[in-house]
Structure formats: C-alpha cells, structure tokens
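Survey of secondary and tertiary structure
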Amino acid sequence: ARPVRRWLTRLAEGANARRSDLIVAITPGLKEMLVARYGIGPGKVRVIPSGTDPDHFSPEEPTRARQRIGLEADRPVVGFVGLFYRHQGVPTLLEAIARLRPAFPKLGGLIVGDGVMRRAWEALAHRLGIADAVRFPGQVPYADVPTYVNALEVVVAPFTADRGETSPFKVLDAMACGRPVVASDLPSVRALADASGALVLVPPDDPAALAAALGALLADRARQAALGRQARAFVLADHTWDRIAERLLASL
C-alpha cells in the first residue's frame, strides 16, 4: 500500500480501537502492540487465541492417508501445509530435507498449498537435488486438508524469524490431527509450546537445527506417538471453537 493509504488505514484503525468496548487479540504480542500503538488501556483488550475443529481435523493412520493421496504407504514424509508466502520459511524445510536424505534415503517431502512463492520453492527443490522426493500438490479442497496433514510423519511450521506476531492456527490443525509438530521458536509459537508441552521448537531459519530435530523424531516412533496424543488432548481441552466461543462470551 502507498504511504497515504497506510496512514489513513492506521488512523481509522486507531479510531475504531479507541471507541470499541472490547478488543479481542489472538496473541499477547498483538495486545501489547495495540496498547502501545493506540494508547488503549490493557483492560480493554482480551487475549483469546485461535482454535480449530477437532471433528474435521481428526487423526488418521498416516500409512492409510498416504495411500489415499497416491504416496507410498511405507515412505516417511515430512512437510508443510499453508499459503505460500515468504514468511512461511519453506526453503528452510527444503534444505533440511536435503540434509536428511543421506541418513533417510526414502524420506519424502509434501509441500501443500499455493501462492506467490511456489515457482521459487519448486526451483529450489530442483537446485537442492530433491525434486524427485518432494511433491507440490498445489491447493487442495478444505475437505481434503486433514488427509494431507495426516499423511505427514511430522508436520513442520518453519516460520522465518521476521514473520512477526501471528496466531499459528495451522499448527493447531496439525495438533488436532494428533501429528507431531516441529516449529520455529517464535514468541507466539513458544506460548503454544509452553502451554501444551507437545511441540518441538527449533531456531528459525536454521536448516541444520531443523534437520536434527526431524531426524530425531523420525528415528523415534514412540516419541512421535506420545507428542501426537498430547497435542490432540491439548486441543480438545483448550482450543476447540466451542471453548474459544465460551471465552468470548465470558468477556462480553
């Protein structure tokens, strides 16, 4: 957006924020930003996180899910599901897959979604010599997303360090599916990891650290299963849309 439009947007946003009876922020960082930027009293802003639908995002045996989307049932697959924006950090995942292939020669990658970075990421997979192992199925129907999530041995959320404050709702979808998740150690993700005890965090933009974390999980099926069970239990207890709605009603 041009500077004038940005200024007008900021002006309107501030006016709306100051005149609101209640503001809901989905992360503590967004609350801090609103308070600092617009001089809003902290008591006016309630932090209510994102949620997910555990009936839609429900566990399925990975080998069965892989068969349903045309992948080898016994091939370990790691991957990403989401919009293809630069801040998603998929190049870090692709480089990690390349590092892991000597130790896990059958390892596959699944990068699900579409967007402005698709051509660049596909080209990187070719340069890294892993184009034969990494599949880009494009954008898939919402009804089919859980199958792709469940097809992954480990779900990866490799956000870049400069992603900014955001709610990692795709991480919650993967947790609802009972999948182990490795994610970048950013404040909004760290809060979810601390609360659930079910996420593996790695420094952002660090392919070596990501490869090490993925390798450790791929070699430990028992830990994968334990993290998956803990993740789904956490979602059912605290992050269903019904629970989020209850928190919102309690704030009114």
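Everything that follows concerns the structure shown earlier in this document.
All of the points below concern the structure found in this document. This structure is a prediction, so every number in the text was calculated from the model and none was measured.

Cut-offs used in this document
- Residues numbered from 1 in each chain as written.
- Predicted model: local features only at pLDDT ≥ 70, side-chain atom pairs only at ≥ 80, totals over all residues.
- Heavy atoms only, no water.
- Buried < 20%, exposed > 50% of the residue type's maximum accessible area, 1.4 Å probe, protein only.
- Helix = DSSP H or I, 4+ residues; strand = E, 2+ residues; numbered from the N terminus.
- Arc of directions from axis to C-beta.
- Contact = heavy atoms within 4.5 Å.
- Salt bridge = Lys/Arg side-chain N within 4 Å of Asp/Glu carboxyl O.
- Patch = residues over 30% accessible without salt bridge, like charges linked within 9 Å, V, L, I, M, F, W, Y side chains within 5 Å.
- Areas by Shrake-Rupley, 256 points an atom, 1.4 Å probe, with all protein chains shown as cover.
- Core = buried A, V, L, I, M, F, W, Y, C linked by side-chain atoms within 4.5 Å.
- Pairing = 2+ DSSP bridges.
- Right-handed = clockwise from strand over helix to strand, strands pointing away.

Let's shift gears to helix H2 (residues 28–38). Because each turn of an α-helix spans 3.6 residues, side chains separated by three or four positions end up pointing in the same direction. If you check which residues of H2 are buried, you get Gly29, Leu34 and Tyr38. Seen end-on, H2 carries its buried residues on one side only, within an arc spanning 140°. Facing away from the buried side of H2 by over 90 degrees, the exposed positions are Glu32 and Ala36. Looking at the packing, one finds that the buried side of H2 touches helix H1 (3–19), strand E1 (23–25) and strand E2 (45–47).

So, on to the pattern of salt bridges. Any two side chains of opposite charge can pair if their charged atoms end up close together. Here the structure, examined in full by the defined rule, presents 13 salt bridges. A salt bridge links Arg66 to Glu153; its shortest N-O distance comes to 3.4 Å. Placement of Arg66 in helix H3 (residues 62–68) and of Glu153 in the loop between helix H6 (145–150) and strand E6 (154–157) is noted, with a sequence separation of 87 residues between them. With a relative accessible area of 4%, Glu153 lands in the buried category. In this structure, Arg86 engages Asp162 in a salt bridge whose closest nitrogen and oxygen atoms are separated by 2.8 Å. Placement of the pair is Arg86 in the loop between strand E3 (77–81) and helix H4 (90–100) and Asp162 in the loop between E6 and helix H7 (169–176), with a sequence separation of 76 residues. Judged by relative accessible area, Arg86 falls into the partly exposed class, the value being 47%.

Here we take up the side chain of Gln224. Mapped onto the elements, Gln224 comes out in helix H10 (residues 221–238). Under the relative-accessibility criterion, Gln224 is labelled buried at 5%. For Gln224, the contacting residues outside a window of four places in its chain are Glu153, Arg179, Pro180, Leu217 and Leu218.

Attention shifts here to a nonpolar patch on the surface. Residues Val4, Trp7, Leu8 and Leu11 make up a contiguous nonpolar surface patch of about 440 Å² in total accessible area. In this fold, Trp7 is placed in helix H1.

Before going further, it helps to spend a moment on the side chain of Thr147. With respect to the secondary-structure elements, Thr147 resides in helix H6. If sequence neighbours within four positions are ignored, Thr147 has contacts with Glu60, Ala65, Arg68 and Ile69.

Take the nonpolar core next. A general tendency of soluble globular proteins is for nonpolar side chains to be buried together. In this structure, Leu110, Val149, Val171, Met175, Val181, Leu192 and Leu199 are the most contacted members of the largest nonpolar core, which totals 34 residues. Those elements that provide at least two residues to this core are E3, strand E4 (108–112), H6, E6, H7, strand E7 (181–184), helix H8 (187–196) and H10. In terms of residues, this core owes the most to one element, H7, which gives 5 residues. Setting aside anything within four residues of it in sequence, one finds Leu192 in contact with Pro168, Val171, Leu172, Met175, Leu199, Phe234 and His239. With 29 residues, the next largest nonpolar core counts Ile97, Ile111, Val200 and Leu214 among its residues.

Burial of the side chains of E6 extends over both faces: Val154 and Val156 are buried on one face and Val155 and Ala157 on the other. The pairing of E3 with E6 spans 2 bridges and is classified as parallel. Within E6, the residue paired with Val78 across the bridge is Val154. Where the polypeptide runs from E6 across H7 and back to E7, its parallel neighbour, the crossover connection is right-handed.

Worth remembering: the numbers are spatial, not functional.
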